[in-house]
Amino acid sequence: MSTEYRNFLALPYEELEELNLKAKADRINRVAADKVREERLKYLTDEKRIKAVTVLFSDLEGRLHLLDYDKKFLLGSYENLTFDGSSIRGFTAQKESDLRLGIDWSAFYWVPADVFGNGKVLVFGIVIDKDGTPYSGDLRGVLKRYADKLHKEKNYTLNAATEIEGFLFAGRDAEQKYHETGKFEYVNTGGYYHVLPLDPLRQFIDTAAEVQRAMGFQNEKDHPEVAPSQFEINFGYSEVVAAADQIQLYKLLCRQIANNYSYTACFLPKPVVGVNGSGMHTNVSVSQGKTNLFWDEKGEEQLSKFGWEFLDRILSHALDLCLVFNSSVNAYRRLDPHFEAPNQIRASATDRGAMIRVPIGNHRSMRTEVRAVAPDANPYLSLYCIFKTGIDGQIATVDNLREGGRFLPDNIYTAIEDFKESTWIPEILGADVQGRYADLKLAAANRSPRELGTIVKGSEVQFHHSVYNQALWNLF
């Protein structure tokens, strides 16, 4: 259907970047919520070319959900938006299904029309229980409240940046169609850093980078990764909630751009046997005012005592957190030491098999890198657990905590048991969320084969599974 006569908003990329960077600066500077809300409402009222506002929220497992609200309806009803929580996995039961959806006006994005559609803007939502209290299963809200509390009480800013790897496969919906094709088809076999300028993988990376730039991601570098048809598109540090939002937007825009090219952007941790899997290396630091609390020029590896204790707490709770970082059956195929897998519960400045690495840094960039996080993990849950544990957790009284000798589980069932038996997880998430999350992961694991080459039987169809599609039930 022609859109020639429709006057919908479609801004140039340069103008989009300017608008998004201004909104990002307001967010960093913690401009008062009331002021931001009034500015956004006035903009939506005055800008006649906007037809709809897309409100985004994530479920307990990290799946991103999108609701389009007519702009005029939203302007009159933004304080009373409701939705059926029983339709969202991990949220409410059917008998108590009503949930409310608030708007985080600081998390507002202008988006390229050629990727997201004309006449739309995006904003992240806040899930609210029917009694008006924050909903415990909304981990974005949990993370935001924790970050705000630390900023108010200690002037801490939690910083994060992720290196998210993925694969680009030929054909649309390649994951869902695997049981028909029996394989994933590469679009490039060049390998690490190596690709022709107009190769399909390079064109995809360039397009995704342009969209990220327009959305205020502040790109750093991008390149093909080690495995064939694998990519990584890096962007700069952000305050932790904005960083988690960008992870969700990154995967969303990559999938849509790939679909536009008739490809599939895949974020399964280990879709192909015999080559490197995909990780979401998570770089974190804490600043107080303008001071990076992880930096000490005279410290070991120039990491401060605060930074080492933060790291030690995560190592101490590694088994508690493994299911959070590696939430699918497929993720445990990635934890293979033959492919630089970060499965050793240790810290190192050089060894990429260590769960936590201490990269080279300076007074601005010093950080720790949690390498054991898979790209299909819930980013809000993962970042909350990293910071909550790193700041408030206990340090184990064991010898050689940082030197290793312990390993993360090699299967999801062990990880589920560690998670369920943990005394730390109910302390930071609550027993209800702990139980619901564990139940979801156990149900997903039981729908997948326990051994390679086995058959999973359904009521009408049976799928022959292999390592390639262990987590197709867990896609989001």
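Because the structure is predicted, anything quoted here is derived from the model rather than measured.

So, how was this worked out
- Here the residue numbers are simple positions, counted from 1 along each chain's written sequence.
- With the structure being a predicted model, the display of local features is reserved for residues of pLDDT at least 70 and the display and counting of side-chain atom pairs for 80 or more, all residues being used for whole-chain, interface and lining totals.
- Values reported for side chains reflect all heavy atoms of the structure, with hydrogen atoms and water molecules removed beforehand.
- Going along the chain from the N terminus, every DSSP run of H or I of four or more residues is numbered as a helix, and every run of E of two or more is numbered as a strand.
- As defined in this context, the radius of gyration uses C-alpha atoms, and a globule is described by 2.2 Å times the residue total to the power 0.38.
- Buried, partly exposed and exposed residues are distinguished by accessible area as a fraction of the type maximum, computed with a 1.4 Å probe on protein chains only: under 20%, between the cut-offs, and over 50%, respectively.
- When checking whether two residues touch, look at their non-hydrogen atoms; a contact exists if any pair is within 4.5 Å.
- Shrake-Rupley sampling with a 1.4 Å probe provides the accessible areas, and residues are treated as covered by the protein chains on show and by no other component.
- Positive residues here are Lys and Arg, negative ones are Asp and Glu, while His and the chain termini are left out of the count.
- The atom standing in for a charge is NZ when the residue is Lys, CZ when it is Arg, CG when it is Asp and CD when it is Glu.
- Counted as salt bridges are all cases of a side-chain nitrogen of Lys or Arg within 4 Å of a carboxyl oxygen of Asp or Glu.
- Strands were regarded as paired on the criterion that DSSP finds at least two bridges between them.
- For helices, the axis comes from a line fit to the C-alpha atoms of the stretch in contact; other axes are also lines fit to C-alpha atoms, and the angle between any two N-to-C directions lies between 0 and 180 degrees.
- pLDDT is a residue-level measure of predictor confidence that goes from 0 to 100.

### A short note on the overall build of the chain
Phase 1 of the analysis: Along the chain, the regular secondary structure elements total 15 helices and 17 strands.
Phase 2 of the analysis: Relative to the 2.2 N^0.38 estimate, which gives 23 Å for 476 residues, the radius of gyration of the chain is 22 Å and therefore close to what a compact globule would have.
Phase 3 of the analysis: Each principal axis of the C-alpha atoms in the chain carries an extent, and together these give about 65 × 55 × 55 Å.
Phase 4 of the analysis: Every one of the 476 residues in the chain was classed for burial, and the buried ones make up 57%.
Phase 5 of the analysis: Partitioning the contacts of the chain with sequence separation of at least 6, the portion at a separation of at least 24 is 70%.
Phase 6 of the analysis: Summed over its atoms, the accessible surface of the chain is roughly 20,700 Å², and 49% of this surface lies on carbon and sulfur atoms.
Phase 7 of the analysis: With 56 positive and 65 negative side-chain charges, the chain shows a spacing of 2 Å between the two charge centroids.

### Focus on the environment of Thr 54
Phase 1 of the analysis: Among the structural elements, Thr 54 can be located in strand β1 (residues 52–58).
Phase 2 of the analysis: Spatially, the C-alpha atoms of Thr 54 and Leu 198 are 33 Å apart, while their sequence positions differ by 144 residues.

### Brief notes about the pattern of salt bridges
Phase 1 of the analysis: All chains considered together, the criterion is met by 26 salt bridges.
Phase 2 of the analysis: Among the salt bridges present, the one from Asp 245 reaches Arg 27, with a minimum N-O distance of 2.6 Å. Of this pair, Asp 245 sits in helix α8 (residues 240–260) while Arg 27 sits in helix α1 (residues 13–28); the two residues are 218 residues apart in sequence, bridging distant segments of the chain. Residue Asp 245 shares its accessibility class with Arg 27, and that shared class is buried.
Phase 3 of the analysis: Here Asp 245 makes a salt bridge to Arg 140, at a shortest N to O gap of 2.9 Å. Placement of the pair is Asp 245 in helix α8 and Arg 140 in helix α5 (residues 139–154), with a sequence separation of 105 residues. Across this residue pair, the class does not change: Asp 245 and Arg 140 are buried.
Phase 4 of the analysis: Residues joined in a network through salt bridges with shared partners are Arg 27, Asp 104, Arg 140 and Asp 245.

### A short note on the sheet that holds strand β5 (residues 120–128)
Phase 1 of the analysis: With mixed pairing, the five strands of this open sheet are ordered in space as β2-β1-β5-β4-β3. Lying at the two open borders of the sheet, with one neighbouring strand each, are β2 (64–70) and β3 (82–84). The average undirected angle you get between the axes of adjacent strands in this sheet is 40°.
Phase 2 of the analysis: One ladder, built from three bridges, connects β3 with strand β4 (residues 98–110); its direction is antiparallel. Bridge pairing in β4 links Phe 83 to Leu 99.
Phase 3 of the analysis: Set on the sheet, helix α2 (residues 33–46) makes contact with β1, β4 and β5; between it and β4 the angle comes to about 80°.

### What to know about the confidence of the model for the chain
Phase 1 of the analysis: For the chain, the mean per-residue pLDDT works out to 89, and 90% of the residues sit at or above 70.
Phase 2 of the analysis: This model gives residues 452–476 a pLDDT under 50, and the stretch forms 67 contacts once residues within four places in sequence are excluded.

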